[in-house]
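# Topology and contacts: notes
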Amino acid sequence: MNLIIVNRKVFLLGVMALLLLGSGIYVSPTSAEKGKSVFYKFDKSGNLLQPKGYREWVFVGSPLTPNDMNNGKAAFPEFHHVYIPHEQFKVYKNTGAFPDGTILVKELLSVGKKQAPSGKGYFNGDFIGLEATVKDTKRYKNEPGNWAYFSFTTPIGQPHNKTAKAMPKTKCNFCHQAFAKDDWVFTQYYPVLKDAKPGRK
Ligand code: HEC
């Protein structure tokens, strides 16, 4: 008799769990929401490993600083393709904030052709550089905003570096802190993020 009651309880609990899962009420927090990033890794010396798979993330914008409008040598030549992992994009869309563990990758492309069947312009050329920024409250507790900046870029024609050291604040962070619209990120130039921010529509 007792055994039957216990079995019934277990059965009912199972049914409730299935209902909760099925109705979508229970959503397990992603690693990003828990503050642990699965999107970037470090080597033993604390250097960031070159991010992988980012071309399959959310593409948020493509600022362009062509060399020919910057005295022949833009600081970050030329197209800047910016990506964020899907999970972190969703957190931003839901909360309006970049979670601990966020990474944004900026891939640099040269201007290739300036004339296409569609007209005169600037057309994507080759991949020439790779930069990244990560927000990590533990590892970078002393960096302003907890953001650290990395460059994997090598001279044109050579493979990008496999690892990168966090850059000094005076090289990167200061400018993001001063001019970026939202939490050190230049969302003012990324329409996909600008539109996703809650409360905008
Ligand atoms: C003088 C200002 C300035 C400095 C210095 C600077 N950045 Fe930025 N950064 C920008 C601007 C403006 C954007 C957005 C527009 C663009 O890409 O041109 C940007 C965008 C980025 C992004 C895309 C994500 C984001 O935060 O918007 C990364 C990654 C990045 N920069 C990395 C770096 C690294 C690495 C350094 C140092 C080597 C650096 N930046 C130094 C102005 C700066």
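Here we summarise the structure given alongside this text. (Residues numbered from 1 in each chain as written. Predicted model: local features only at pLDDT ≥ 70, side-chain atom pairs only at ≥ 80, totals over all residues. Heavy atoms only, no water.)

### Considerations on the overall build of the protein chain
Secondary structure summary: the protein chain contains four helices and nine strands in total. Reading the protein chain from its N end, one meets helices and strands in the order α-β-β-β-α-β-β-β-β-β-β-α-α. Here the protein chain holds 201 residues, and the buried ones make up 37% of them. Within the protein chain, contacts between residues at least 6 apart in sequence are counted, and of these 55% link residues at least 24 apart. (Helix = DSSP H or I, 4+ residues; strand = E, 2+ residues; numbered from the N terminus. Buried < 20%, exposed > 50% of the residue type's maximum accessible area, 1.4 Å probe, protein only. Contact = heavy atoms within 4.5 Å.)

### Here we look at the pairing of strand β3 (residues 79-84)
Within β3, six of the six residues are buried, leaving the element largely enclosed by the surrounding structure. Covered by surrounding structure in β3 are Phe79, His81 and Tyr83 together with His80, Val82 and Ile84, the residues of both alternating faces. Where strand β2 (residues 58-61) meets β3, three bridges bridge the pair, whose relative direction is antiparallel. Bridge pairing links Val58 to Ile84 in β3. (Pairing = 2+ DSSP bridges.)

### Remarks on the side chain of Thr187
Relative to the elements of secondary structure, Thr187 occurs in the loop between α3 (173-179) and α4 (191-196). According to the relative accessible area criterion, Thr187 is buried, its value standing at 4%.

### So, the site of the ligand
In the vicinity of the ligand lie 21 residues, with His80, Cys172, Cys175, His176 and Tyr190 positioned nearest. Here a nitrogen atom of the ligand sits 3.3 Å away from a polar atom, N or O, in the side chain of Lys106. Listed by contribution, the elements that provide at least two residues to the shell around the ligand are β4 (103-111), β7 (124-135), β8 (147-151) and α3. Tallied by class, residues from the shell around the ligand come to 15 nonpolar, three polar and three charged. (Near = heavy atom within 4 Å. Polar contact = N/O pair within 3.5 Å; in protein donor to acceptor, adjacent residues only side chain to side chain. Nonpolar A, V, L, I, M, F, W, Y, C, P; charged D, E, K, R; others polar.)

### Observations regarding the pattern of salt bridges
Summed over all chains, the structure comprises four salt bridges. The residue Asp183 makes a salt bridge to Lys135 at a minimum N-O spacing of 2.7 Å. With Asp183 in the loop between α3 and α4 and Lys135 in strand β7, this residue pair connects regions lying 48 residues apart in the sequence. Take Asp183: its relative accessible area is 24%, and that puts it in the partly exposed class. (Salt bridge = Lys/Arg side-chain N within 4 Å of Asp/Glu carboxyl O.)

### Here we look at the coordination of the iron atom of the ligand
Counting protein donors to the iron atom of the ligand gives just one, His176 (NE2), placed at 2.2 Å. Tracing the sequence through the fold places His176 in helix α3. (Donors = N, O, S within 2.8 Å, 3.2 Å for Na, K, Ca; no water.)

### Concerning the pairing of β7
When β4 meets β7, the two strands line up antiparallel, connected through eight bridges. Residue pairing across strands places Ile103 opposite Val134, the latter belonging to β7. In this sheet, β8 lies alongside β7 in antiparallel orientation, the contact comprising five bridges. Its bridge partner lying in β8, Lys135 is registered against Trp147.

### Considering the packing of aromatic side chains
Applying the stated criterion across every chain yields a total of ten aromatic pairs. For the ring pair Tyr40 and Phe42, a centre distance of 5.6 Å and an interplane angle of 85 degrees mean the geometry is edge-to-face. Judged on exposure class, the residue Tyr40 and its partner Phe42 are both buried. Grouped by ring-pair contacts, the aromatic residues Phe39, Tyr54, Trp57, Phe59 and Tyr83 constitute a single cluster. Here the guanidinium or amino end of Arg55 rests over the ring plane of Phe127, the centre of that ring lying 3.8 Å away. The aromatic ring of Phe42 is capped on one face by Arg139, whose charged end is 3.6 Å from the ring centroid. (Phe/Tyr/Trp six-rings, centres within 6.5 Å; stacked < 30°, edge-to-face > 60°. Lys NZ or Arg CZ within 6 Å of the ring centre and 35° of its normal.)

Nothing here speaks to function; it is all geometry.
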